[in-house]
Structures are given as structure tokens and as C-alpha cells.
Amino acid sequence: MHTPVVGTADGDLRVMVLRAFDLASRTLRFHTDARSPKITAIKDDPSVTVLFYDPEAKVQIRARGSGRVDTNGAVVDAAWDQAAPFAKRCYLAQSAPGGSCDSPVSGLPDWVEGITPTEAQVAPGRENFAVLLVRIEAFDWLYLANTGHRRARFEFSDEGMIGNWLVP
Ligand SMILES: Cc1cc2nc3c(=O)[nH]c(=O)nc-3n(C[C@H](O)[C@H](O)[C@H](O)COP(=O)(O)O)c2cc1C
């Protein structure tokens, strides 16, 4: 479940690396480029869906939540500090993800292509780095089994969590 599919209210979907999950606050953490279209979509409408599948565990989770994008603050600083220079390199892209170009480019400056840059070299990428936090409000759990699948739905509110079995 390391690379779920993240859906935004504009109907678009994309694979993202799940960086962390805080159980107490039911919050998923992703990293992204602050200039990417999904950021605009989440700012317009914070409804986010996250689809997970673990083929070994045979478990699918369809989560719904509310997304928040942070570019400053302790969480963002810590996430940036913990990222490897190779990961930080992506944020040096000279223009926003999704912009059109005349040839198949990486978007990175020429000097950084094919190298693992130093911390000092990737430091300017910090201004393009964003953390997406998704607080889960409900999820649908499906377990696949030859003996018969099992499915349940869980919803969170201020009063706690309500769970119900569903026909798979
Ligand atoms: C395996 C995999 C992992 C990815 N991880 C991320 C990620 O952690 N963050 C991210 O912004 N994009 C990630 N991407 C790229 C996104 O799927 C997407 O192409 C990009 O973020 C642009 O999305 P947008 O146009 O909806 O903003 C990943 C793609 C793949 C295939």
C-alpha cells in the first residue's frame, strides 16, 4: 500500500508515494510539487479519495477524506529535511508539472540530470515542495478470500468510529 491512487474532486487520479500515516489523527502524508495541478484542485475542493490495494494481503481500501496542502511549517520543514537529495532533485524542475514542451524533457536543469546532487544544490527546490495531508473521514475495506469475500465500511465523526459489515 506504498503507492496508492489519489483522486481529486476534478475527477483526476494519480499514483503517489505514501510517506507517512498518523493513526491518532487518521492522516496520510504525501509529498508533491506545490505547482502541480492537483494542488489547485485540492484548494478548489478539499475532497480527496485514496485507493489502496495490497495483493499479498488481498485487501482493498477505498478511503475518503479531506485534503490540505502545506508549504510552510514544522511538518513541511521536517519532511524536506528527511528527504534524500535524489528525491529533492525533482523539485528543481524549472516550470510547473503538466506544462507543455517541444520535446520529451525531464524538466530539470541540465546540470542536475543524471547526478545525485548535494544538499546545497537541491536547496532551491524547497520553494516548490509541498506536503499534502489527507484526513480520512470514511473508508471501505474489502478482503478477498476463496471462501467468500468480506467487506466493511467505517465512518469517523466527533463521537468516534462507526463500522458496518457490507455485502461484498
Ligand atoms: C510509482 C509512482 C509514484 C509517484 N509518486 C508521486 C509522489 O509521491 N508525489 C507526486 O506528486 N507525484 C508522484 N507521482 C507522479 C504522479 O502520479 C503524477 O503523474 C504527477 O504528480 C502529476 O500529477 P497532477 O498532474 O495530477 O498534479 C508518482 C508516479 C508514480 C508512477
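What this report covers is the structure whose coordinates are included nearby. These numbers were taken from a predicted model, which means no experiment stands behind them.

**Quick word on the environment of Leu23**
Item 1. Inspection of the secondary structure assignment puts Leu23 in the loop between strand 3 (20-22) and strand 4 (27-33).
Item 2. As for Leu23 and Gly73, which are separated by 50 residues in sequence, their C-alpha atoms are 21 Å apart.

**Describing the nonpolar core**
Item 1. The biggest cluster of nonpolar side chains holds 19 residues, and the ones touching the most others in it are Leu28, Phe30, Val50, Leu132 and Val134.
Item 2. Those elements that place two or more of their residues in this core are strand 4, helix 1 (37-44), strand 5 (47-54), strand 6 (59-70) and strand 7 (129-143).
Item 3. Not counting residues up to four positions away in its chain, the partners in contact with Phe30 are Pro4, Val6, Met16, Val17, Leu18, Arg19, Val50, Ala130, Val131, Leu132 and Val134.
Item 4. Counting residues in hydrophobic clusters, the runner-up holds seven residues, among them Trp80, Tyr91, Phe129 and Val131.

**With respect to the site of the ligand**
Item 1. For the ligand, the full set of nearby residues is Arg14, Val15, Met16, Val17, Arg19, His31, Thr32, Ser36, Pro37 and Lys38.
Item 2. Contacts to the ligand include Arg14, whose side-chain N or O atom sits 2.8 Å from an oxygen atom.
Item 3. In this structure, an oxygen atom belonging to the ligand sits 2.7 Å away from a main-chain N or O atom of Val15.
Item 4. In isolation the ligand has 620 Å² of accessible area, and contact with the protein removes 59% of it.
Item 5. Elements that contribute at least two residues to the shell around the ligand include exactly strand 2 (13-15), strand 4 and helix 1.
Item 6. Each residue belonging to the shell around the ligand can be placed in one class, and the counts come to four nonpolar, three polar and three charged.

**Things to note about the pairing of strand 9 (residues 160-166)**
Item 1. Note that strand 8 (residues 150-157) and strand 9 share seven bridges and pair antiparallel. The partner of Arg151 across the bridge, within strand 9, is Leu166.

**Notes on the pattern of salt bridges**
Working definition: two side chains of opposite charge can pair if their charged atoms are close together.
Item 1. As enumerated under the stated definition, the model contains eight salt bridges in all.
Item 2. Of the charged contacts in the structure, one is a salt bridge between Asp70 and Arg68, with a shortest N-O distance of 2.5 Å.
Item 3. Overall, the relative accessible area of 15% leaves Asp70 in the buried class.
Item 4. Arg68 sits in the partly exposed class, given a relative accessible area of 47%.
Item 5. Residues joined in a network through salt bridges with shared partners are Arg62, Asp140 and Arg151.

**Structural notes on the packing of aromatic side chains**
Item 1. Here the structure, examined in full by the defined rule, presents seven aromatic pairs.
Item 2. Each ring, one from Trp80 and one from Tyr91, has its centre 6.1 Å from the other, and the planes form 70 degrees; the classification is edge-to-face. Taken together, the residues span a long stretch of sequence, with Trp80 in helix 2 (residues 74-82) and Tyr91 in the loop between helix 3 (85-88) and helix 4 (119-122) at a distance of 11 residues.
Item 3. Owing to a relative accessible area of 11%, Tyr91 belongs among the buried residues under this scheme.
Item 4. Grouped by ring-pair contacts, the aromatic residues Trp80, Tyr91 and Phe129 constitute a single cluster.

Conventions used here
Residues numbered from 1 in each chain as written. Predicted model: local features only at pLDDT ≥ 70, side-chain atom pairs only at ≥ 80, totals over all residues. Heavy atoms only, no water. Helix = DSSP H or I, 4+ residues; strand = E, 2+ residues; numbered from the N terminus. Core = buried A, V, L, I, M, F, W, Y, C linked by side-chain atoms within 4.5 Å. Buried < 20%, exposed > 50% of the residue type's maximum accessible area, 1.4 Å probe, protein only. Contact = heavy atoms within 4.5 Å. Near = heavy atom within 4 Å. Polar contact = N/O pair within 3.5 Å; in protein donor to acceptor, adjacent residues only side chain to side chain. Areas by Shrake-Rupley, 256 points an atom, 1.4 Å probe, with all protein chains shown as cover. Nonpolar A, V, L, I, M, F, W, Y, C, P; charged D, E, K, R; others polar. Pairing = 2+ DSSP bridges. Salt bridge = Lys/Arg side-chain N within 4 Å of Asp/Glu carboxyl O. Phe/Tyr/Trp six-rings, centres within 6.5 Å; stacked < 30°, edge-to-face > 60°.

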